[in-house]
Amino acid sequence: MPSVLRNDNLRNVAIIAHVDHGKTTLVDAMFRQSGLFRADQEIEERLMDTMDLERERGITIAAKNCSVVWKDVRINIIDTPGHADFGGEVERALSMADGAILLVDASEGPLPQTRFVLNKALGAGLKIIVVINKIDRQDARPDEVLDEIYDLLIDLDATDEQLEFPLLYAVGREGIALRTLDGEGKNLYALLDTILAEIPGPSHDPGAPFQMLVSDLGYSDYVGRLAVGKIFNGTARSRDSLVCIGEDGRSVPLKVSGLQVHEGMRLKSVDEVQPGDIVVLAGIEEVKIGDTICNQQTPRPLPRIRVDEPTVSMKFTINNSPFGGKEGKYVQSSRIRERLLKETLLNVAIQMETNEDRESVLVKGRGEFQLAILIETMRREGYEFCVGRPEVIYRYENGRKLEPMERLLVDCEEQFLGVVTEKLSARKGKMTNLVNNGKGRVRIEFSVPARALIGYRDEFLTDTRGTGIIHSLFDGYGEFRGDCPSRFTGSIVADRTGNAVPYALFNLEPRGRLFVVPGDPVYEGMIIGEHNRSQDIDVNPCKEKKLSNMRAAGKDENVVLSPTKPVTLEQAISFIREDELVEVTPRSVRKRKTVLSAQKRHTLRAFRMKNKSTG
């Protein structure tokens, strides 16, 4: 039996929390109180949200590392996303951790995304510290939330040791942690001390050769490709000759050109790294997440990072509309493919398949939100392309058709219970739990097919007048539940190229909800509105008022149009049907028909109807 030692100078801790439960704010406070910054130093809020999209949306999208030093021990903090769609980020982040802090809102309690990440942490055998945050809220109910946490852990088959977790209470915004509810606190020292006392140092075999599991990738203009991961055994120095073992078992030699470790949010160059360190290693070009970097003499691969299979696919294709190439920097199919291939290397949860036509690519991910974030990132980088409607990936086992299911948690006012239940029942949803806390709001759990939720979120907000909260979590595959409606309305489609005219739009308003405003450029096949009825209609939004030299009362009234909501990327993706696309450019998001010509669409429709009647 190999002897196992622990590196007590290190702690590797992941922070688990649902969206908006205060995780990033708590990390800010840990930075301040660990002496990382000077007392008078000005620092911005939410330091860990380094991406523009994270700051705008207030969520964590990519797993990131940082560190603080407390009582001469370096605590590596691994920030995990709170959204299940970024599950690939969670799995690779947890591969570097030896323990986890479960952060739960004192009012909302554990929610679906908390369940998802916690399940992964328990499966990895991590030591859990529970922190009930925001105990200063007026609607805080810490005792009930603690009971819910116990119920969740029992439901996830936690061991007796995992159930005996250390418990702390916190006000993350104020930087306060307490051991008891009625205790007094002025800082986070109790939390930092608990991490040192309860989370074990990383274990290693002192006789084993160097082994490092690649959990993340980066790039530097100076040293090239960077491999980020945890050292499981052994030590390494700069200029060492090592090998990288890929998925196929092939060894690629490499020479270490640089070693860095985290110091706060920054990276610090070091000459030597120890077991348990989370390291950024430079000196290799061909490396993938899950590869093992190890000793040349005794190469031993570590178990690869495995992630759940994708559940949703979307078609990415070039933009062939009349406005194609006018707003984007990268428009060629080869550039789009290259960018998507780079994403598959950096994100283990994204997969890509090239279609036969070479102009389109099928991208698979964990959810429509994850793919929407990818699309938004690409358009900000200057890419211009079109995407199709998200489609769920079915499985077939023993002749049965299986589809991905979602566990849906709805929190809404009592008066909207009827309409929410009715809409979800129509989408093949099944109610599994209903809790009425007697304060005017109800919490309902549903089991719903993943495809039924595409496009439902906007409808839900409308039905609950913006007061409802909805969370979903992938709940495995289940029996196919039959066809369910996706959209009851048709599209209002422009029949020519030009600029939208107030007079024409005013006359089109009774037909449905419009997406364009006067002066917007339109083209044949572009969707300019949502029709009140189920069928599509082709209209002329460029039609101007006929002018004559005859004057009559009431003929020169001012045209006043109803305000239109700006089209967002998520709304556009959830709105389109199977025969429609979203045109994405750095400056615009437009909806359009796959076949732009009205004549060709009419011919195709007639051909389908003929085949249906003869078949």
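Rules used in this analysis
- Residue numbers run consecutively from 1 along every chain, following the written order of its sequence.
- In view of the model being predicted, local features appear only for residues whose pLDDT reaches at least 70, and side-chain atom pairs are presented and counted only at 80 or more, with totals across whole chains, interfaces and linings using the full set of residues.
- No hydrogens and no water enter the side-chain calculation; it runs on all heavy atoms of the structure.
- In this text, helices come from DSSP runs of H or I with a minimum length of four residues, and strands from runs of E with a minimum of two, each type numbered from the N-terminal end.
- Only protein chains enter the accessibility calculation, which uses a 1.4 Å probe. A residue is then buried if its area is under 20% of the maximum for its type, exposed if over 50%, and partly exposed in between.
- The working definition used for a salt bridge is a side-chain nitrogen of Lys or Arg within 4 Å of a carboxyl oxygen of Asp or Glu.
- By definition, pLDDT measures how confident the predictor is in each residue, and it falls between 0 and 100.
- By definition in these notes, contact holds between two residues if any of their heavy atoms fall within 4.5 Å.
- Stacked, tilted and edge-to-face pairs are distinguished by plane angle, under 30 degrees for stacked and over 60 for edge-to-face with tilted covering the rest, among Phe, Tyr and Trp rings (Trp via its six-membered ring) whose centres lie within 6.5 Å.
- A ring has a charge above it when a Lys NZ or an Arg CZ is no more than 6 Å from the ring centre and no more than 35 degrees off the ring normal.
- The distinction between a cavity and a pocket rests on a 1 Å grid over the protein atoms alone: a 1.4 Å probe fits inside a cavity but cannot get out, while a pocket stays open yet meets protein on both sides within 12 Å along at least five of seven lines, and a residue with an atom within 4 Å of a point counts as lining.
- Grid points are joined across faces, edges and corners, and a volume is the space filled by probe spheres set on the points.
- Whenever two N or O atoms come within 3.5 Å, that pair is a polar contact, provided that in protein one can donate a hydrogen and the other can accept it, and provided that, for residues adjacent in sequence, both atoms are side-chain atoms.
- An arc is given here, and it is the one of the directions from the helix axis to the C-beta atoms.

K.L.:
Would you mind going over the environment of S425 with me for this structure?
P.N.:
Its place among the elements puts S425 in helix α10 (residues 417–426). Accessibility expressed as a relative area gives 41% for S425, which makes it partly exposed. Along the chain, S425 and V448 lie 23 residues apart, while their C-alpha atoms are 8.8 Å from each other.

K.L.:
Even after reading the chapter, I still don't get the pattern of salt bridges, so can you show me in this structure?
P.N.:
Pairing between side chains of opposite charge can happen when their charged atoms approach one another. Overall, the coordinates contain 32 salt bridges when judged by the stated rule. Between K134 and D105 there is a salt bridge, with its nearest N and O atoms 3.6 Å apart. Taken together, the residues K134 in the loop between β6 (127–133) and α5 (142–155) and D105 in strand β5 (residues 99–105) connect sequence positions 29 residues apart. With a relative accessible area of 0%, D105 lands in the buried category. Where E583 meets R590, a salt bridge forms, and the shortest distance between an N and an O atom there is 2.8 Å. A cluster of three or more residues bridged by salt bridges with shared partners is formed by D536, R577, D579, E580 and K593.

K.L.:
Got a minute to help me understand the confidence of the model for the chain in this structure?
P.N.:
Detailed reading of the predicted model is not advised wherever pLDDT is low. Considering every residue of the chain, the mean pLDDT works out to 80; 88% of them sit at 70 or more. Counted against residues more than four places away or in other chains, residues 37–51, with its pLDDT under 50, gives 38 contacts.

K.L.:
What is the right way to look at the packing of aromatic side chains in this model?
P.N.:
The geometry of an aromatic ring pair comes down to the distance between the two centres and the angle between the two planes. Per the counting criterion, the structure on display carries 8 aromatic pairs. Note on F323 and Y523: the rings are 5.0 Å apart at their centroids and 85° apart in plane angle, and the pair reads as edge-to-face. Of this pair, F323 sits in the loop between β20 (312–317) and α8 (333–346) while Y523 sits in the loop between β33 (521–522) and β34 (526–531), placing them 200 residues apart in sequence. Across the pair, Y523 and F323 agree in class, each one buried. Geometrically, the ring pair formed by Y330 and Y383 is tilted, given 4.8 Å between the ring centres and 40° between the ring planes. Here Y330 is found in the loop between β20 and α8, whereas its partner Y383 is found in the loop between α9 (368–380) and β23 (385–387), with 53 residues between them in sequence. Neither Y330 nor Y383 differs from the other in exposure class; each is buried. It is K401 that lies over the ring of Y394; its NZ or CZ is 4.3 Å from the centre. Sitting over the face of the ring of F480, K401 holds its NZ or CZ atom 4.2 Å from the ring centroid.

K.L.:
Is there a simple way to think about empty space enclosed by the protein in this case?
P.N.:
Enumeration according to the criterion identifies 1 cavity of 30 Å³ or more in this entry. The volume enclosed by the largest cavity comes to roughly 30 Å³. Lining the largest cavity are F316, T317, S333, I336, R337, R358, E359, S360 and V361. For the lining of the largest cavity, the elements supplying multiple residues, two or more each, are β20, α8 and β22 (360–365). Of all the elements, α8 adds the most residues to the lining of the largest cavity, at 3 residues.

K.L.:
Quick question: what am I supposed to make of the side chain of R590 here?
P.N.:
Structurally, the position occupied by R590 is in strand β37 (residues 589–593). Separated by 3.0 Å, the side chains of R590 and E327 make a polar contact. With sequence-adjacent residues up to four places away left out, R590 is seen in contact with F323, E327, Y523, M526, L581, V582, E583 and T585.

K.L.:
Would you explain α10 in this entry?
P.N.:
A turn of α-helix holds 3.6 residues, and therefore any two residues three or four places apart point the same way. The complete set of buried residues in α10 reads V420, T421 and L424. Seen end-on, α10 carries its buried residues on one side only, within an arc spanning 95°. Of the surrounding secondary structure, the elements contacted by the buried residues of α10 are β26 (400–413), β27 (430–436), β28 (441–449) and α11 (456–463). Of the residues one or two after α10, K428 is the one with positive phi, at around 65°.

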